[in-house]
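Observations on the model geometry
Chain by chain, the residues:
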Amino acid sequence: QVQLSESGGGLVQAGGSLRLSCAAAGLTGSRRVMAWFRQAPGKEREFAAGISDTGVRTLYQDSVKGRFTISRDNAVNMVYLQMDSLRPEDTAVYYCAGGAGPYIGKRMNEYPYWGQGTQVTVSS
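Predicted, not measured: the structure shown is a model, and the values here were computed from it.

Brief notes about the overall build of the protein chain
Each helix and strand in the protein chain was counted, giving 0 helices and 11 strands. Going residue by residue from the N terminus, the α and β elements of the protein chain occur as β-β-β-β-β-β-β-β-β-β-β. Taking 2.2 N^0.38 as the reference for a compact globule, 124 residues should give roughly 14 Å; the C-alpha atoms of the protein chain span a radius of gyration of 13 Å, in line with that estimate. The dimensions of the protein chain, computed from C-alpha atoms along their principal axes, are 45 × 25 × 25 Å. The 124 residues of the protein chain split such that 44% are buried. Expressed as a percentage of contacts within the protein chain between residues at least 6 apart in sequence, the contacts between residues at least 24 apart total 57%. On the protein chain, roughly 6400 Å² of surface is accessible, and the fraction owed to carbon and sulfur atoms is 47%. Each charge class in the protein chain was averaged separately, 13 positive and 10 negative side chains, and the resulting centres sit 3 Å apart.

Overview of the sheet that holds strand 3 (residues 18-25)
Sheet architecture is open: 4 strands sit in the order 1-3-8-7, paired in antiparallel fashion. This sheet does not close on itself; its edge strands, each paired only once, are strand 1 (3-7) and strand 7 (68-73). Neighbour to neighbour, the strand axes of the sheet diverge by 15 degrees on average, direction disregarded. In this structure, strand 3 lies alongside strand 8 (residues 78-83), joined through 6 bridges in antiparallel fashion. Bridge assignment links A23 to a residue of strand 8, and that residue is M78.

Some points on the environment of Y60
In this fold, Y60 is placed in strand 6 (residues 58-60). Residues Y60 and G50, spaced 10 residues apart in sequence, show a C-alpha to C-alpha distance of 6.5 Å. In this structure, Y60 is in contact with F47, A48, A49, K65, F68, T69, I70 and K106, ignoring residues within four places of it in sequence.

Looking at the pairing of strand 8
The buried fraction of strand 8 is high, at 5 of 6 residues. Alignment of strand 7 against strand 8, held across 6 bridges, turns out to be antiparallel. Bridging across to strand 8, T69 finds its partner in Q82.

Criteria and cut-off values
Residues numbered from 1 in each chain as written. Predicted model: local features only at pLDDT ≥ 70, side-chain atom pairs only at ≥ 80, totals over all residues. Heavy atoms only, no water. Helix = DSSP H or I, 4+ residues; strand = E, 2+ residues; numbered from the N terminus. Rg over C-alpha atoms; globule rule 2.2 N^0.38 Å. Buried < 20%, exposed > 50% of the residue type's maximum accessible area, 1.4 Å probe, protein only. Contact = heavy atoms within 4.5 Å. Areas by Shrake-Rupley, 256 points an atom, 1.4 Å probe, with all protein chains shown as cover. Lys, Arg positive; Asp, Glu negative; His and termini not counted. Charge placed at Lys NZ, Arg CZ, Asp CG, Glu CD. Pairing = 2+ DSSP bridges. Axes fitted to C-alpha atoms, helices over the stretch in contact; angles between N-to-C directions.

Right under this line is the structure:
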């Protein structure tokens, strides 16, 4: 059974940084894309960043490109999201998601596995 657990969220001032972590239990031996989605208050959940099964390819939403960096360590089944130059509009619950295969998609229905989410709040 796959279980995803996020950590690292919190309150930070605009311009600051946070690093989110996702522990992916039950994925040992499987090769699948991983991603971070986010959901701001009153808005739909949206794709933020994705990384291929080997970590060679990454994909970012335009609004986070150049500020966020997704990475993974398959040896310990961890996925990370380094968030720099944070803005108040980055405030959201951030979710770790596990894909069904090796290709990075931007749609929620391409990811069958989800964590509970971690709150990120950026103050102005």
